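# Observations on chain architecture
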Amino acid sequence: MKKLLIIGNWKLNNNKKIILDFCKKLNSYLSTINYDHHLKISIAPPILHLETFNLILQQLHNNHISLTAQNIDVNILGSFTGETSISMLQEIENIKYVIVGHSERRIHHNETKELIAKKFKLVKSFKLIPILCIGETKEEKNANKAQKICKEQIDTIIQLVGYQAFDKAIIAYEPIWAIGSNQSASTNYIQYMHQFIRHYISRYDINISKKLIIQYGGSVNKKNALEILSVKDVNGVLIGNSSLDCDQFIDIIKCTKLIKY
Ligand SMILES: O=C[C@H](O)COP(=O)(O)O
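Residues numbered from 1 in each chain as written. Predicted model: local features only at pLDDT ≥ 70, side-chain atom pairs only at ≥ 80, totals over all residues. Heavy atoms only, no water.

### Examining the pairing of strand E1 (residues 4–9)
Sheet faces and side chains relate simply in a regular strand, where the side chains alternate between the two faces. Counting buried positions along E1 gives 6 out of 6 residues, so the element sits mostly inside the fold. Sheet analysis places E1 next to strand E2 (residues 39–44), joined by 6 bridges and oriented parallel. Looking across to E2, one finds that Gly8 is bridged to Ile43. Bridge count between E1 and strand E8 (residues 236–239): 4 bridges; the pairing is parallel. Note on E8: the bridge partner recorded for Leu5 is Gly236. (Buried < 20%, exposed > 50% of the residue type's maximum accessible area, 1.4 Å probe, protein only. Helix = DSSP H or I, 4+ residues; strand = E, 2+ residues; numbered from the N terminus. Pairing = 2+ DSSP bridges.)

Structure, rendered in structure tokens:
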């Protein structure tokens, strides 16, 4: 049975009232099912709401939902107005994962591969789990460069941290053209890219590659989740829009029960 990690990335959405309702509903659903420990569920609210989310989870005696940070600064402390550091995040009890290199940060905040590698290293050194987002643009896909782009994004991490960095790390393959488009990549294409990523890591270490969690992200919804999660080399999904609605998020979780191994 493969491990599955389902994460809702709320990006810049939702408020305290919605968090409360969402947590109650999701927690009560999870407490009614026979919880499968091959399945992990996490939510990445805006950083401002992580502490609120955490307090609500504690009040609900939650055992099933962890928290993910959408980003961190590359500095640990100092004069960096407006930033949040990894050491501050580490104080929040339920935080487990940190997203690094999301394409929206690469594009809108000019994050370079080198900066992302530094953030990845920082997350590892603070014993949290980095989720490295990689993926190509439509133009790069059309030019047959998708694998080259993903390889380069992985290589920058390996150059700074070594291939061992991918032990207990996560890669989220998110083709930029599929994000927020309502049109996910086809399952054949997802397997083609995920297999490539796993094979690429296996050239360094076969055991790390076998255990590597590779999530898919890009217009996952309750209609396509089952077929995407059933793809051989998919170990979970990173969900944007469809994670904002708790009912739809629960429907996606329900799909994990239907996967045929
Ligand atoms: O982090 C999530 C991804 O960017 C996917 O977003 P989406 O599900 O809205 O396409």
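Now that the structure has been shown, the text picks up again.
### Regarding the UniProt feature "binding site: substrate" (unreviewed entry) in the chain
With numbering matched to this structure, UniProt assigns "binding site: substrate" (unreviewed entry) to Asn9, Trp10, Lys11, Gly180 and Ser219. Annotated residues spanning 211 residues; largest pairwise C-alpha distance 14.0 Å, indicating a single compact cluster. Tracing the backbone shows Trp10 in the loop between E1 and helix H1 (16–32). Its relative accessible area of 0% is what places Trp10 among the buried residues. Setting aside residues up to four positions removed in sequence, Trp10 forms contacts with Ile19, Phe22, Ile43, Ala44, Pro45, Pro46, Phe53, Gln70, Ser243 and Leu244. Tracing the backbone shows Gly180 in the loop between strand E6 (170–173) and helix H8 (187–202). You can call Gly180 exposed: its relative accessible area is 59%. If near-sequence neighbours (up to four positions away) are discounted, Gly180 is found in contact with Ser219 and Asn241. (UniProt positions renumbered as here; feature names shortened; annotations may be inferred. Contact = heavy atoms within 4.5 Å.)

### Quick look at the UniProt feature "active site" (unreviewed entry) in the chain
Using the residue numbers shown here, the UniProt feature "active site" (unreviewed entry) corresponds to His102 and Glu174. With the annotated positions falling across 73 residues, the maximum pairwise C-alpha distance of 8.5 Å places them together in a single cluster. Note on placement: His102 falls in the loop between strand E4 (95–100) and helix H4 (103–108). When residues no more than four places from it in sequence are discounted, the contact partners of His102 are Asn9, Lys11, Cys133, Glu174 and Ile179. As for its position among the elements, Glu174 is in the loop between E6 and H8. With relative accessibility at 6%, the residue Glu174 sits in the buried group. Residues within four places of Glu174 in sequence aside, it is in contact with His102, Cys133, Ile134, Gly135, Glu136, Ile179, Gly217, Gly218 and Leu238.

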